[in-house]
Protein chains: 2
Amino acid sequence: MALYKELAQRLRDHIQHDFYKQGDKLPSVRQLAQEHSVSISTVQEAYRQLEQDRLVEAKPKSGYFVCRTEGGSLPSISRPPQRPLEVSQWEEVLNMLMIRASQKGVQLQHAMPDMRAPTLKPLLKTLSDLSKHKPELGLGYSDIRGSEALRTQLCRLAVASGCQLHPDDLVITSGCQEAISVCLRAVTSPGDIVAIESPSFYGSMQAIKAANLKAMEIPTHPETGMSIEALELALDQWPIKTIFVTPTCNNPMGYTMPDEKKEQLYKLAQAYDITIIEDDIYGDISYQFPRPRSIKSFDTDGRVLLCSSFSKSIAPGIRVGWIAPGRYRDRVTHIKYVSSSMCPVFPQLAIEKFIRLGGYNKHIRQMRHQYEPQRDHLLKAIKDYFPSNTRVSFPQGSFILWVELDNDIDTMKLIESCRKVGVGFAPGPLFSATGKYRNCFRLNFSEQNTHRREEAIKLLAKEIKAFSKAE
Amino acid sequence: MALYKELAQRLRDHIQHDFYKQGDKLPSVRQLAQEHSVSISTVQEAYRQLEQDRLVEAKPKSGYFVCRTEGGSLPSISRPPQRPLEVSQWEEVLNMLMIRASQKGVQLQHAMPDMRAPTLKPLLKTLSDLSKHKPELGLGYSDIRGSEALRTQLCRLAVASGCQLHPDDLVITSGCQEAISVCLRAVTSPGDIVAIESPSFYGSMQAIKAANLKAMEIPTHPETGMSIEALELALDQWPIKTIFVTPTCNNPMGYTMPDEKKEQLYKLAQAYDITIIEDDIYGDISYQFPRPRSIKSFDTDGRVLLCSSFSKSIAPGIRVGWIAPGRYRDRVTHIKYVSSSMCPVFPQLAIEKFIRLGGYNKHIRQMRHQYEPQRDHLLKAIKDYFPSNTRVSFPQGSFILWVELDNDIDTMKLIESCRKVGVGFAPGPLFSATGKYRNCFRLNFSEQNTHRREEAIKLLAKEIKAFSKAE
Ligand SMILES: Cc1ncc(COP(=O)(O)O)c(C=O)c1O
Ligand SMILES: Cc1ncc(COP(=O)(O)O)c(C=O)c1O
């Protein structure tokens, strides 16, 4: 056996015998090399293999750690129906959207970031200064592609995800929802089929429905995203027009598709000569630094339309999103104009300054550092209180995670009793085109009050157990 | 001859012999009754007849006036192609939209209100106070139908146009453009035909194009709007799915469809069991007080979808619009959510307070009083400087008017030379689905600086004359 394989096996044994526990830091490369009298590159190779096996993970500047998801606790890979279908579930989405955030209790259904962060202060100050001192700037019609100054700053930010963009390559939108809607309409015709991850964000599925398109749900791995093999099969069988993916800190599952797989996906789109709509809304709050590459960064022929917004990295109420539409710029500009004309100017100018003066990067660094331990705290609470057969996703960024309960549990029913005790979650069927994932739900962990959340988890656990018995 | 007819004839003679000139105040009802020894009701009947003939107009609380459009100077009734067609002209619209308002010279192409009015101050103050003192209010996701408090105030305003609405009957949008787009998508399927006025606002025509619909342009009278007879013919011949109209202070022509005709239009939609999308964006800045009724006010079965915004009455940059979707509320809510999710909260709250404390009504009263004499000033300038065969619309509200030049003049070419001398206008073809109205353009008269505008008109007149000679 090669030296590195031997070393990898030894480490694997240690992990499996709980010598190193989930989340523990592993010895440094240098340390192991000395201990085992092997070269640095042998240790690196061993760690690389364990990373591939998803037993360990590397954290930049901190070293290697035992993955917290080790064992069978991840949700299963999804098995959606193998054909294009109409999207349903609008009633359910509407019901959830109508529950006000102001409702009492602990509402964990929304995908809202923590908006009390002091690092947002400079942004809010600029906003108020603008409307006070330069009201006239916000009153007129302005560039339908959005503020050029903001587009310039967005190009600067895009470098972190591996993209070289020009301000003319961008169109500002009213949030990522408009970006998605516009892109779908720009690259499809009514009746076309869109390949999507399963589970998927309900907003994009409802946009598919409203554009008279069909959704082809593709089996999706809870750690690496859409299955490339399953996608290729689907592309062979159906005239799929575009691939819609959220590959970086996916909503609801939290995975980040590895770079190689992102590139494979892009190559596949090239081979079938179709487009990719990439939703990167959570990309900037990946826990990894520098943040993961986008699929857009592999795009050499303009077939990737990247959609994003500041709704998760700053606040959804600010309603500033954007599209990097590649070669579909003209059509995207047309549909954006038709969709809602130009966007309000003040939020754009305020964000522009926030980025320019470094406030944005400082803020997302802060958020990364806040959300990651909050994820771990929530994972622990779930492990402590939920039934032992519960499976949980292991988000690589963002502030939401996905829980898979026993097959018998219907979260659409569970939610009724939970509402009574004052705990909200986003039930699984919202994330399927056809009402699947009834035994799943999504939880938010953005708020700093981990104690409050733990109490909510206890209540939830009690309801789940009561529900299991009642069935 | 009946007494009232005799009296009407006498007044008609006086007007035609320039005894009373365009715009002159006519004797009061009481005065005429005394002079001619007839009853009050006879005089009223006579005036009613002259009003029908469009020789005189009543101004509430001020009496009767000679119509300023008396004579042959109105644009001709339009004669668009008699079949449904694809909308073109996007390139031309884009070119115009890309000309920044900041460009030097006098840019009369935009439909922007005067935003320097001191009556807007309280609104701007609230906006700045909100982002200063209650930033958290503007950050989260909120009701996708928009602020309930604002919807309540909108119901109060709607009473002036004859509508009884409930806050639940309204959906807030990102401006009127989104309202139009959403309504079109809510009541049609791809391939459907939409009847529209001709000329028509380019934004709604481009929305028709983007929704994969066809436009059926209906002959339109420059004083009373869409021809009911022509519409009925079209309805007989084609499977028209919805009627899109801007019947009150139309863009670009400025006419207001009389109440009887509004009702006829509604009855026709009932007879053919189709919907009406009514764009009321200029309704509140009609010069008439109380403002004219909307078609929506005749709606007994929920088939009228009213679209509007504060873009013309306050400022377009504020991006607050709304839909009163009648029985299509659920579909409209769905498509609005998909289109751009919820709208920013601060502008909604600021406008809510502006209306509630009376600032809005004060502001539009002010604007009415400002725009009407500015219209007359512009009409006079056109009469003084433009070729004598120029025809001009006579807006009943708003701050835009429509000019029809000699048939030989191509405004798409004229605009090039005008750009050089620093005068902008919106060329006619933008307002046709198929590039008609090449000899027409639209001018804005919202700014208070009438002198500056008069100078621009002189320059324009010079270019027009140079152009005529060159041809
Ligand atoms: C994956 C994803 N895309 C898009 C959106 C919509 O974002 P926005 O609020 O910017 O419209 C969301 C919001 O929840 C989301 O989670
Ligand atoms: C008739 C008409 N409808 C709709 C609009 C679009 O309005 P908003 O700026 O509110 O989207 C305009 C703007 O020019 C208009 O003139």
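Scroll up to find the structure this text is about.
Note that the coordinates shown come from a computational prediction; the quantities given were computed from them, not determined experimentally.

**Some words on the overall build of chain A**
When helices and strands are tallied, chain A shows 15 helices and 16 strands. Compactness check: chain A gives a C-alpha radius of gyration of 23 Å against a globular reference of 23 Å for 471 residues, within 12% of the reference. Seen through its principal axes, chain A has C-alpha atoms that stretch 65 × 60 × 50 Å. Long-range pairs, those at least 24 residues apart, make up 75% of the contacts in chain A between residues at least 6 apart in sequence. Looking at chain A as shown, the accessible area adds up to about 18400 Å², and 49% of this sits on carbon and sulfur atoms. Between the centroid of the 61 positive side chains of chain A and the centroid of its 53 negative side chains there is a distance of 5 Å.

**Focus on the sheet that holds strand β17 (residues 440-444) of chain B**
All names here are of chain B. In spatial order, the strands read β13-β14-β17-β16; together these 4 strands make up an open sheet with antiparallel pairing. Every other strand in the sheet has two partners, leaving β13 (391-392) and β16 (426-427) as the edge strands with one partner each. On the sheet, helix α13 (residues 359-385) packs against β13, β14 (400-404) and β17 and is oriented at approximately 20° with respect to β14.

**Structural notes on the interface of chain A and chain B**
Reports often express the size of an interface as the amount of accessible area lost when the parts come together. Opposite the 56 residues of chain A that make contact, chain B presents 56 residues. Carbon and sulfur atoms make up 65% of the area that chain A and chain B hide from each other, which totals about 4700 Å². It is A:Leu139, A:Tyr141 and A:Tyr337 that lose the most area in chain A upon contact with chain B, and together they represent 16% of the buried surface on that side. Between the two partners, chain A and chain B, sit 0 salt bridges. If you list the elements that add at least two residues to the side of chain A that touches chain B, you get α4 (90-98), α5 (121-133), α7 (175-187), α8 (202-210) and α11 (329-340) of chain A. With 7 residues, α11(A) is the largest single contributor of residues to the side of chain A that touches chain B. Partitioning the side of chain A that touches chain B into residue classes produces 28 nonpolar, 17 polar and 11 charged.

**Describing the site of ligand 1**
Taken together, 14 residues lie around ligand 1, and A:Asn251, A:Asp279, A:Ser309, A:Ser311 and B:Tyr141 are the ones closest in. Among the chains of the assembly, those with residues near ligand 1 are chains A and B. Note that a nitrogen atom of ligand 1 is positioned 2.5 Å from one of the side-chain N or O atoms of A:Asp279. One nitrogen or oxygen atom from the side chain of A:Tyr282 is found 3.3 Å from an oxygen atom belonging to ligand 1. Protein burial of ligand 1: of its 390 Å² of free accessible surface, 97% is covered by the chains. For the shell around ligand 1, the leading source of residues is α7(A), giving 4 residues. Looking at the shell around ligand 1 residue by residue, the class counts come to 6 nonpolar, 5 polar and 3 charged.

**Some thoughts on the pairing of strand β6 (residues 214-218) of chain B**
Regular strands place their side chains on alternate faces of the sheet. Residue and element names in this part refer to chain B. Extensive coverage of β6 is indicated by the burial of 4 of its 5 residues. One ladder, built from 5 bridges, connects strand β5 (residues 193-197) with β6; its direction is parallel. Looking at the pairing, Glu197 lines up with Ile218 of β6. Since β5 and β6 lie parallel, the crossover through helix α8 (residues 202-210) that links them has a hand, and here it is right-handed.

**Quick word on the relation of the copies chain A and chain B**
Between chain A and chain B, which share one sequence, the superposing operator has a rotation angle of 180° and an axial displacement of 0.0 Å; the RMSD is 0.2 Å. Interpreted geometrically, this transformation is the action of a two-fold axis. Within chain A, the C-alpha atom positioned nearest to the axis of rotation is that of A:Ser128, 2.6 Å from it. Comparing interface residues between copies, 100% of those in chain A also sit at the interface in chain B, which points to an isologous, same-surface contact.

**Structural notes on the site of ligand 2**
In the region of ligand 2, 14 residues are neighbours, and A:Tyr141, B:Asn251, B:Asp279, B:Ser309 and B:Ser311 sit closest. Per-site note: the chains with residues close to ligand 2 are chains A and B. In the model, an oxygen atom of ligand 2 is placed 2.6 Å from a nitrogen or oxygen of the B:Asn251 side chain. With respect to ligand 2, the side chain of B:Lys312 contributes an N or O atom lying 2.7 Å from an oxygen atom. Relative to its unbound accessible surface of 400 Å², ligand 2 loses 97% to contact with the protein. The dominant element in the shell around ligand 2, judged by the number of residues it contributes, is helix α7 (residues 175-187) of chain B, at 4 residues.

**Comments concerning the side chain of B:Glu178**
On the secondary structure map, B:Glu178 appears in helix α7. B:Glu178 has contacts with A:Ser339, A:Ser340, B:Thr173, B:Lys336, B:Ser339, B:Ser340 and B:Cys343, leaving out every residue within four places of it along the chain.

**A short note on the pairing of strand β2 (residues 63-66) of chain B**
Residues and elements named next belong to chain B. The pairing of strand β1 (residues 56-59) with β2 spans 4 bridges and is classified as antiparallel. Paired with Val56 across the two strands is Val66, which belongs to β2. Taken together, β1 and the strand that follows it, β2, pair antiparallel across an intervening segment of 3 residues, in which Lys61 is found at a positive phi of about 65°.

**Let's talk about the environment of B:Met253**
Residues and elements named next belong to chain B. You can see Met253 is positioned in the loop between β9 (240-245) and α10 (259-271). In this structure the C-alpha to C-alpha distance between Met253 and Pro75, which are 178 residues apart in sequence, comes to 9.0 Å. Once residues lying within four places of it in the same chain are set aside, the contact partners of Met253 are Pro199, Thr220, His221, Pro222, Ser393, Phe394, Pro395 and Trp402.

**Considering the sheet that holds strand β16 (residues 440-444) of chain A**
Residues and elements named next belong to chain A. Taken together, the 4 strands give an open sheet; going across it, the order is β12-β13-β16-β15, and neighbouring strands pair in antiparallel fashion. Strands with a single pairing partner mark the edges of an open sheet, and in this sheet they are β12 (391-392) and β15 (426-427). Two strands pair when backbone bridges link them, and β15 and β16 are joined in this way by 2 bridges, in the antiparallel orientation. Residue pairing in the sheet places Ala426 in a bridge with Arg442 of β16. In this fold helix α13 (residues 359-385) packs onto β12, β13 (400-404) and β16, with an angle of close to 20° to the strand it touches most, β13.

**Examining the environment of B:Ile457**
Residues and elements named next belong to chain B. For Ile457, the location among the structural elements is in helix α15 (residues 450-470). Taking the relative accessible area as the measure of exposure, Ile457 reaches 0% and is therefore buried. Counting along the chain gives 157 residues from Ile457 to Thr300, while the straight-line C-alpha distance between them is 46 Å. Apart from the residues lying within four places of it in its own chain, the contact partners of Ile457 are Leu378, Ala381, Ile382, Tyr385, Phe386 and Leu443.

**Examining the packing of helix α6 (residues 148-158) of chain B against helix α12 (residues 345-356) of chain B**
Residues and elements named next belong to chain B. Between α6 and α12, the least distance of the axes is 9 Å, while the angle of their chain directions is 40°. Compared by their axis directions, α6 and α12 come out oblique. The handedness of the crossing between α6 and α12 comes out as left-handed. Across from Ala149, Leu150, Gln153, Arg156 and Leu157 in α6, the residues of α12 making contact are Gln348, Ile351, Glu352, Ile355 and Arg356. Its residues assigned to classes, the contact of α6 with α12 comprises 5 nonpolar, 2 polar and 3 charged.

The rules behind the values
- Residues numbered from 1 in each chain as written.
- Chains lettered and ligands numbered in written order.
- Predicted model: local features only at pLDDT ≥ 70, side-chain atom pairs only at ≥ 80, totals over all residues.
- Heavy atoms only, no water.
- Helix = DSSP H or I, 4+ residues; strand = E, 2+ residues; numbered from the N terminus.
- Rg over C-alpha atoms; globule rule 2.2 N^0.38 Å.
- Contact = heavy atoms within 4.5 Å.
- Areas by Shrake-Rupley, 256 points an atom, 1.4 Å probe, with all protein chains shown as cover.
- Lys, Arg positive; Asp, Glu negative; His and termini not counted.
- Charge placed at Lys NZ, Arg CZ, Asp CG, Glu CD.
- Pairing = 2+ DSSP bridges.
- Axes fitted to C-alpha atoms, helices over the stretch in contact; angles between N-to-C directions.
- Buried area = accessible area lost by both parts, 1.4 Å probe.
- Salt bridge = Lys/Arg side-chain N within 4 Å of Asp/Glu carboxyl O.
- Nonpolar A, V, L, I, M, F, W, Y, C, P; charged D, E, K, R; others polar.
- Near = heavy atom within 4 Å.
- Polar contact = N/O pair within 3.5 Å; in protein donor to acceptor, adjacent residues only side chain to side chain.
- Buried < 20%, exposed > 50% of the residue type's maximum accessible area, 1.4 Å probe, protein only.
- Right-handed = clockwise from strand over helix to strand, strands pointing away.
- Least-squares fit on C-alpha atoms with pLDDT ≥ 70 in both.
- Parallel < 35°, antiparallel > 145°, perpendicular 65-115°, else oblique.
- Left-handed = near helix turned anticlockwise from the far one by under 90°.

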